[in-house]
Amino acid sequence: MDLAYTPRQKAFREEVRAWLAANLPREPLASYDTREGFEQHREWESKLFDARLSMVIWPEALGGRGCDLIEWLIFEEEYYGAGAPMRVNQNGQLLLGPTLIEFGTEEQKARFLPRMASSEDMWAQGWSEPNAGSDMAAITSKAILSADGTHYVVNGQKTWSTRASFADWLFGLFRSDPGSSRHHGLSYLAVPLDAPGVTIRPIQALNGKQAFAEIFFDDVKVPVENRIGDEGQGWHVAMATAGFERGLLLRSPARFQYTARKLVELYKANRELADRDPSIRDAVIEAWTGTEAYALSAYHTVGRLAKGARIGAEASTNKIYWSELDLKMHETAMRILGPFAELTGDAPEAVEAARWLDGFLFAQAGPIYAGTNEIQRNIIAERMLGLPK
Amino acid sequence: MDFTFTDDQLTFREAVSRFLMTEAAPERLREIWDTDTGRSPELRKNIAEQGLTALSVPEDCGGLGMDDVAWALMTQELGYYALPDSLADAAYVAAGLITALPAGTASREEWLSRIAEGSIRIAVGHPVNPLVADANPANLLLLADGDAVHAVPREQVEVEANPSIDLSRRLARVRWTPAAATLIADGESGRALWAQTLNRGVLSAAGQLLGLAQRMLDLSVDYVAQRKQFGKSIGSFQAVKHHLADVATKIEFAKPVLYRAAYALAHGEAGVDARVSHAKLACGEAAWLAARHGIQVHGAMGYTWEVDLQMFMKRAWALDASWGDRGFHKARVADAILVEGAALGPGHTFEE
Ligand SMILES: Cc1cc2nc3c(=O)[nH]c(=O)nc-3n(C[C@H](O)[C@H](O)[C@H](O)COP(=O)(O)OP(=O)(O)OC[C@H]3O[C@@H](n4cnc5c(N)ncnc54)[C@H](O)[C@@H]3O)c2cc1C
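Reading the values: rules and limits
All residue numbers refer to position in the chain's written sequence, counted from 1. Chain letters and ligand numbers both follow the written order, the letters beginning at A and the numbers at 1. Only residues with pLDDT of 70 or above have their local features reported here, since the model is predicted, and side-chain atom pairs are shown and tallied only from 80 upward, although totals for entire chains, interfaces and linings are computed over all residues. The side-chain quantities take in all heavy atoms of the structure and omit both hydrogens and water. The helix and strand labels rest on DSSP assignments: H or I over at least four residues marks a helix, E over at least two residues marks a strand, and numbering proceeds from the N terminus. Our radius of gyration is a C-alpha quantity, and the globule rule it is checked against amounts to 2.2 Å times the number of residues to the power 0.38. For this analysis, residues touch if any pair of their heavy atoms sits within 4.5 Å. Residue exposure ignores everything except the shown protein chains as possible cover, and the areas themselves are Shrake-Rupley values with a 1.4 Å probe. In this scheme, a residue with accessible area under 20% of its type's maximum is buried, one over 50% is exposed, and one in between is partly exposed, where area comes from a 1.4 Å probe on protein chains only. Any pair of N or O atoms that falls within 3.5 Å is considered a polar contact. Within protein, one atom must be able to donate a hydrogen and the other to accept it, and sequence-neighbouring residues count only if both atoms are side-chain atoms. Working definition: rings of Phe, Tyr and Trp (its six-membered ring) pair if their centres are within 6.5 Å, and the pair is stacked with planes under 30 degrees apart, edge-to-face with planes over 60 apart, and tilted otherwise. Here, proximity means that at least one heavy atom of the residue falls within 4 Å of the molecule or strand. Charged residues are taken to be Asp, Glu, Lys and Arg, nonpolar residues to be Ala, Val, Leu, Ile, Met, Phe, Trp, Tyr, Cys and Pro, and polar residues to be all remaining types, Gly included. Note: pLDDT gives the predictor's confidence per residue, expressed from 0 to 100. Multiplying one less than the number of residues by 1.5 Å gives the expected span of a helix. Two strands qualify as a pair provided that DSSP identifies no fewer than 2 bridges between them. Between N-to-C directions, angles cover 0 to 180 degrees, with each direction set by a line fitted to C-alpha atoms, over the stretch in contact for helices. When describing relative orientation, an angle under 35 degrees is termed roughly parallel and one over 145 degrees roughly antiparallel, while 65 to 115 degrees is termed roughly perpendicular and anything else oblique. Two helices crossing with the near one rotated counterclockwise from the far one by less than a right angle form a left-handed crossing, whereas a clockwise rotation gives a right-handed crossing. We define buried area as the total accessible area lost by two parts upon association, computed with a 1.4 Å probe and summed across both. In the sections that follow, a salt bridge refers to a side-chain nitrogen of Lys or Arg positioned within 4 Å of a carboxyl oxygen of Asp or Glu.

## Concerning the overall build of chain A
Across its full length, chain A carries 13 helices and eight strands. Against the globule reference of 21 Å for 389 residues, chain A gives a C-alpha radius of gyration of 21 Å, in line with a compact fold. Principal-axis analysis of the C-alpha atoms places the extent of chain A at approximately 70 × 50 × 45 Å. Expressed as a percentage of contacts within chain A between residues at least 6 apart in sequence, the contacts between residues at least 24 apart total 70%. Of the roughly 16,400 Å² that chain A leaves accessible, carbon and sulfur atoms contribute 53%.

Below is the structure:
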């Protein structure tokens, strides 16, 4: 155990910090759940890409830095510590990206990854369907290979696809063997959202914005070159990279540590009122202890990965941990703000442009998306503790 | 940056675990609970023969010179087996205090050598604990008179036993009169010694609590896999699964907190108090949840004397408030994070 950063790690931190200080947008960007905000975020991503900071863990040839996971944690600390914008293309960059790196052909990597890193292509995920939520293996949307074997014909419906109203591409699972059931006979496809036969219907989320969408496929032709991994192996491809790294990449500790720091500041600024309810102080302390524990767990695990350890179902504890912590922190902020908590961003007396309210609403979704916390508990019990199905 | 243990450290931990598995099996624990003193000279002898009493003692006094980070692993094993012995009090907490005395302090080397060979029991009376653990069987007591540290022979103190629900814990009210002859440090250096001793005691309790949590989880997993109701094992019921998944999650996120605290202590970091208190809170909560959910999934069996779970629950309930209760530790964390200019948030997990 040696908890000092190396000179190289320190220099990288300094570089990222200096770059952010010089380049952060002066005004906060509009919400990326709006068309306007989405495009502002795209522009920001391209700036990050030009500095080769959008995907620091990718190899240099793909526009990254070849950083290891410790350097990546450092990047995240600087990024979120500076209050930089949310990552609008993270579903592509952090979920599809690693999948392509592992399963994609060279041609696919060259075609998709650089444009993903620069956010010229924005990606939406297509797993869920009206009758396939927690039970994802119940997918019925079909992709049938044409007689000449050049393309799939896709029919069916996906739903809850985050920011699909604005995105360029969708990746997801489709049933390519019509006689198959459950985890078999699924193929993993990349579908351009401007293809003929694709209809996107925005779904208004709790926050009033078009945060996700339903997508209808009506005889949509998808070239066979857009299949990632083998025909019928889609489930395997989707799951292979669903482990620890992906979970950690998607929700690195830094953004929660930033929220904790903001919460401590909010509490301190309103201490007199807040202390009338002693449980608030407790919750503020727990914001710090909880986010530190999450960060420590990340560093510990990253160190073990570097030494060749395999991380299995323990990863499911991450999802439960961060989502419940995030929710608790935002609930606490709402309680501190009291009668001002309900004010929306355009209210003249809104506190910090209603960032806590916005965060509170989004935090409600944390225990639901990316596999509900009930499902995660099932996984922990069955695969980590070995309890019977 | 490498926040992991070395292979040597992990191998050592495994060896300790194998040793305690037989030496401190639940049947042995029950036998020792039934004795008057609650301590087994034979067990202590075996522990000493394994060299476990010598871990913290500096090499020039016959020890292995291991640091707090190694003890973060060791104390988990002590907790896992609910060792019915106050080994960590002498071999870790007292050894740390005595080692920190200036070289040449009368008896320093003698005490350390005797700790290493396992021929002395030392009880530590830190003011945060109203009662002193193992005061009765001790040969020597380290006691506080304000900032002053006294090393008082057992004959010079009056001891009144206060039985605990955990029969492995032998607590006593200690009455004594400070004298010049027993004084080993005072003033600034006494204060510093007690502050360090407090953190070691806390870390020791935290590590044991974490080990206890893991043991109670393991016992519960075994039980629910084997117990059948409605024609299947109760471990297949989701309510039962989720109880235990929550315990596993708590444990998972308490471990690295313990390790971070141990490192801060070993390296004398400025923010050590908050780190150590955080570890105690995290490990204590994990242990209490493991006890509560553990007894729940055992049904009435968990409420019996016969089933082993009770011994681990009782240790967990007791240790949670030893070396400072949750209020004490929350206050120390609050002191660190609510002060003006506190280094919080991303990037401050390892650097101020
Ligand atoms: C903000 C947000 C963004 C999302 N983005 C996307 C996206 O980009 N792409 C995409 O494909 N999907 C997305 N989703 C959908 C998400 O993956 C699903 O909501 C999730 O998988 C749960 O499915 P469901 O909503 O159908 O709930 P259901 O599966 O109907 O679950 C309802 C309740 O029943 C419980 N339940 C169900 N089965 C079990 C079981 N076996 N054991 C115990 N409890 C059970 C659940 O835990 C939950 O509490 C998003 C969702 C949200 C909220």
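Right, picking up where we left off after that structure.
## Thoughts on the side chain of A:Ser146
Residue and element names in this part refer to chain A. Residue placement: serine 146 occurs in the loop between strand S2 (142–145) and strand S3 (151–162). By relative accessible area, which is 13% here, serine 146 ends up buried. For serine 146, the side chain forms a polar contact with the main-chain nitrogen of threonine 150, separated by 3.3 Å.

## Points about the packing of aromatic side chains
The tally for this structure, following the rule as stated, stands at 30 aromatic pairs over all chains. With a centroid separation of 5.8 Å and 75° between ring planes, the pair formed by A:Phe256 and A:Tyr294 is classed as edge-to-face. Pair noted here: A:Phe256 is in helix H8 (residues 253–269) and A:Tyr294 is in helix H10 (residues 278–306), with a separation of 38 residues, a long-range link. Relative to B:Tyr81, the ring of B:Tyr80 has its centre 5.1 Å away and its plane inclined at 70°; by these criteria the two rings are edge-to-face. The exposure class of B:Tyr80 is buried, given its relative accessible area of 18%. The buried category is assigned to B:Tyr81, whose relative accessible area is 5%. Among the aromatic residues, ring-to-ring pairing joins A:Phe256, A:Tyr294, A:Tyr321, A:Trp322, A:Phe362, A:Tyr369 and B:Phe253 into one connected group.

## Quick look at the site of the ligand
As a structural note, the neighbourhood of the ligand is formed by 17 residues, with A:Ser128, A:Ser134, A:Trp160, A:Thr162 and A:Thr372 the closest of them. Per-site note: the chains with residues close to the ligand are chains A and B. A:Gln125 has a polar backbone atom sitting 3.1 Å from a nitrogen atom of the ligand. Between the ligand and A:Ser128, the relevant distance is 2.7 Å, taken from an oxygen atom to a main-chain nitrogen or oxygen of the residue. Contact with the protein chains covers 66% of the free accessible surface of the ligand, which is 970 Å². Those elements giving two or more residues to the shell around the ligand turn out to be S3 and helix H13 (373–384) of chain A. For the shell around the ligand, the residue count by class is seven nonpolar, nine polar and one charged.

## Points about the confidence of the model for chain B
Segments scoring low in pLDDT should not have their predicted coordinates read at a detailed level. Taken residue by residue, chain B gives an average pLDDT of 96. The fraction at 70 or more is 100%. Both scores are available for the predicted complex, with the pTM at 0.95 and the ipTM at 0.92.

## What to know about helix H9 (residues 272–298) of chain B
Residues and elements named next belong to chain B. For H9, with 27 residues, the first-to-last C-alpha span of 38 Å sits near the 39 Å given by 1.5 Å per residue. Of all 27 residues in H9, 21 are buried, a share of seventy percent or more. Positioned one or two residues after H9, glycine 299 has a phi angle of 60°, which is positive.

## Some thoughts on helix H4 (residues 68–80) of chain B
Residues and elements named next belong to chain B. Given a rise of 1.5 Å per residue, 13 residues ought to cover 18 Å, and the 18 Å separating the end C-alpha atoms of H4 matches this to within 8%. Here H4 lies mainly inside the structure; 13 of its 13 residues are buried. The backbone nitrogen of valine 69 lies 3.1 Å from a side-chain oxygen of the residue at the head of H4, namely aspartate 67. Positive phi shows up at alanine 82, right after H4, with a value of about 45°.

## Quick look at the sheet that holds strand S3 (residues 140–145) of chain B
Strand-to-strand pairing in sheets goes through backbone hydrogen bonds, with the strands running parallel or antiparallel. Residues and elements named next belong to chain B. Spatially, S1-S3-S4-S7 is the arrangement adopted by the four strands of the open sheet, whose pairing is mixed. Of all strands in the sheet, those with a lone pairing partner are strand S1 (122–125) and strand S7 (183–185), marking the two edges. If you compare each strand with its neighbour and ignore which way they point, the axes differ by 30° on average. Taken strand by strand, helix H5 (residues 87–100) contacts S1, S3, strand S4 (148–153) and S7, and its axis lies near 65° from that of S1.

## What to know about the packing of helix H1 (residues 7–23) of chain A against helix H3 (residues 69–81) of chain A
All names here are of chain A. Interaxial distance between H1 and H3 falls to 9 Å at its minimum, and their mutual angle equals 30°. The pairing of H1 with H3 is recorded here as roughly parallel in orientation. Crossing handedness for the pair H1 and H3: right-handed. Touching Arg8, Gln9, Phe12, Arg13, Val16, Arg17 and Leu20 of H1 are Ile70, Glu71, Ile74, Phe75, Glu77, Glu78 and Tyr79, all from H3.

## Some words on unusual backbone geometry
Most peptide bonds take the trans configuration, and most residues that are not glycine carry a negative phi. Residue and element names in this part refer to chain B. One non-glycine residue, aspartate 134, adopts positive backbone phi at about 60°. As for its placement among the helices and strands, aspartate 134 is situated in the loop between strand S2 (132–133) and S3. Of the residues examined, aspartate 134 reaches a relative accessible area of 5% and is grouped as buried. Here phenylalanine 230, not a glycine, exhibits a phi torsion of approximately 50°, which is positive. Owing to a relative accessible area of 77%, phenylalanine 230 belongs among the exposed residues under this scheme.

## Remarks on the interface of chain B and chain A
Facing 45 residues of chain B, the contacting portion of chain A comprises 55 residues. Taken over both partners, the interface formed by chain B and chain A buries close to 4,800 Å², and the fraction arising from carbon and sulfur atoms is 68%. Considering only the side of chain B, the residues that lose the most area to chain A are B:Met1, B:Phe253 and B:Pro346, jointly responsible for 17% of the buried surface there. Joining chain B to chain A, the criterion identifies four salt bridges. Here B:Lys330 and A:Asp282 are joined by a salt bridge, their closest N and O atoms 2.8 Å apart. One can count 20 residue pairs in polar contact (both at pLDDT 80 or more) joining chain B with chain A. Looking at the side of chain B that touches chain A, the elements with two or more residues in it are helix H7 (187–226), helix H8 (238–266), H9 and helix H11 (326–337) of chain B. A per-element tally of the side of chain B that touches chain A places H8(B) first, with 15 residues.

## Quick notes on the sheet that holds S2(B)
Residue and element names in this part refer to chain B. Ordered in space as S2-S6-S5, the three strands form an open sheet in which the pairing is antiparallel. Of all strands in the sheet, those bounded by a partner on one side alone are S2 and strand S5 (158–163). Examined bridge by bridge, S2 and strand S6 (residues 170–175) share two bridges and lie antiparallel to one another. Residue pairing in the sheet places valine 132 in a bridge with alanine 172 of S6.

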